[in-house]
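# Structural features, examined
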Amino acid sequence: MDIRKLFGWSNSSTLGGTADPGWYAPPKRDYVSIETAEQNMAIYRAIKLISHDLGRLPVDAEGGDMTSDLLVTPNEKETWFDFTRKHMRFLMLYGNSFALISRNGYGEVVGLISASPGELSQIQIDQDPGNFSYRHSTFGNIEPEDILHWRVQGQRPFWGASPIVEASRALNLAQVQEDAGESMYRTPGLGKVSIESPEAIGPDMVSKLQDAFKAKHGGKDGHLTPIITQGGMTVSQVGQSLSDSEWITARRFSIGEVARLYSVPPSFLYDLDKSTLENSAAQMKSYVSTCLSHWSAIFNSEFQLKLNSTLKWDTKNLLQGTLKETTESLRMAIDAGIMTPNECREQLGLEAHPDGEDLMISKNYQEAGVTGTDTNAGDKDTSNGDKDTD
């Protein structure tokens, strides 16, 4: 059996490409797809936050073929900031992102050419899952060593899984909540109502009554028009309001689902329900250690594998506390003789002081060293002298 027909893949790639309709199921109406995912403000915020932070942080490359020039302008059309945020966005949406490695006649890397996910697919060469090549829609076949392929781990070997597709059920629920809120806000203050008549009325009259009520009260200004009944008719609400259906709570839960999807603290997506000034530093540390480190490791892995270079991002500025917290910690480092005053001034972005090159240990630390329990303990005379113990 043709494996392409078995899985519904539309091109010659047995591993599929991100542009294949057989790889990503076509979106249903009112459901979230990769193309519409960023209409969800929590997803939009998470992608912009992570991609922009990794793009703007200082980064160095150690060893291998990655030069400092490439960390400034990877190619003629993009800065490192543009390059990084583009590929992180592709990665967080499609689960795959690509850059072609351009080399000169001496084999030196002279550029990293961005490619969109839809331009590439993987072509299986034989039964070995690791024996494949890439096919570019313009440049044809490309060997794996000539392309950087960042991917989010999925079920298929050497091909990423879209976080949007993997979390489709949770994201679809969020979309339904948005649609419900929009529908309710289009008829503010009303919701679904029931009109009861003490007398039987025919189908034509029912239809006319519904149309008239909808025309008068169905728009965004419907709450301004008073409802007038005659002949004993009564109007009552039968649907739930936004507060009755706990719409705000459900919406906050969906923001939490996006936070879990991308490992972002909910407060960074502006869900400030449990955010306080006291725990903001802990949340920033969590963001760096469990979110940025995760995505940067994915990004760095291809540079290590294909270019033998290790990228290291400097997250010091993100973890820096308030000025008061910073100066107090630096003062303790000076008092303990760990840092010189000039080293601390450098941390604060200040110029060196002529008298700040020497280590200084405060009197408190000196006294602790003299009177500590482990000081001079070995010099204490514990013998009994020449006393006869017979």
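So, here is what we can say about the structure in this document. (Residues numbered from 1 in each chain as written. Predicted model: local features only at pLDDT ≥ 70, side-chain atom pairs only at ≥ 80, totals over all residues. Heavy atoms only, no water.)

## Describing the overall build of the protein
How we decide: Runs of E in the DSSP output that reach at least two residues are strands. Runs of H or I that reach at least four are helices, and both are numbered from the N terminus. Burial here depends on accessible area, computed with a 1.4 Å probe over protein chains only, as a share of the maximum for the residue type. Under 20% is buried, over 50% is exposed, and the range in between is partly exposed. Note that accessible areas follow from Shrake-Rupley with a 1.4 Å probe, and for residues the cover is restricted to the protein chains shown.
Counting its regular elements, the protein contains twelve helices and ten strands. Out of the 390 residues belonging to the protein, those deemed buried represent 34%. Surface summary for the protein: the accessible area is close to 24500 Å², and the carbon and sulfur share equals 52%.

## Some remarks on the sheet that holds strand β2 (residues 96-103)
Selection criterion: In short, DSSP must find at least two bridges between two strands for them to pair. Here the axes come from fitting lines to C-alpha atoms, over the contacting stretch only for helices, and the angles between their N-to-C directions go from 0 to 180 degrees. We call two residues contacting when some pair of their heavy atoms lies within 4.5 Å.
If you trace the three strands from one edge of the open sheet to the other, you get β3-β2-β7, paired in antiparallel fashion. Strands with a single pairing partner mark the edges of an open sheet, and in this sheet they are β3 (109-115) and β7 (147-151). With direction set aside, neighbouring strand axes in the sheet form an average angle of 25 degrees. Against the sheet, helix α8 (residues 280-307) contacts β2, β3 and β7, and its axis sits at roughly 150 degrees relative to β7.

## Considerations on unusual backbone geometry
Even without being glycine, Phe158 reaches a positive phi, approximately 60 degrees. Examined against the element boundaries, Phe158 turns out to sit in the loop between β7 and α4 (163-166). Phe158 gets classed as partly exposed once you look at its relative accessible area, which sits at 36%. Here the phi dihedral of Asn308 falls at roughly 55 degrees; this positive angle occurs in a residue that is not glycine. Structurally, Asn308 is set in the loop between α8 and β10 (310-313). Classification of Asn308 as exposed rests on a relative accessible area of 59%.

## As for helix α2 (residues 41-56)
Selection rule: To estimate how far a helix should extend, the number of its residues minus one is multiplied by 1.5 Å. Each polar contact in these results corresponds to two N or O atoms within 3.5 Å; when the atoms are within protein, one needs to be able to donate a hydrogen and the other to accept it, and residues that are neighboring in sequence are counted only if both atoms are side-chain atoms.
End to end, α2 covers 22 Å across 16 residues, agreeing with the expected 22 Å (1.5 Å per residue, within 8%). A side-chain oxygen of the first residue of α2 lies 2.9 Å from the backbone nitrogen of Ala42; this N-cap is Asn40.

## Quick word on the sheet that holds strand β4 (residues 120-124)
Within the open sheet, the three strands sit side by side as β4-β5-β6. Their pairing is antiparallel. If you trace the sheet from one side to the other, it starts and ends with β4 and β6 (140-142), each paired once. Ignoring which end each strand starts from, the neighbouring axes of this sheet average 35 degrees apart.

## A short note on the side chain of Thr340
Note on placement: Thr340 falls in the loop between α10 (323-335) and α11 (341-347). Note on Thr340: relative accessible area 8%, which makes it buried. Apart from the residues within four sequence positions on either side, Thr340 is in contact with Ile334, Gly356, Glu357, Asp358 and Leu359.

## Structural notes on the pairing of β4
Across the five residues of β4, five count as buried, placing the element largely inside the fold. Where burial is concerned, the two faces of β4 agree: the one with Leu120, Gln122 and Gln124 and the one with Ser121 and Ile123 are both buried. One ladder, built from five bridges, connects β4 with strand β5 (residues 132-136); its direction is antiparallel. Note on β5: the bridge partner recorded for Ile123 is Ser133.

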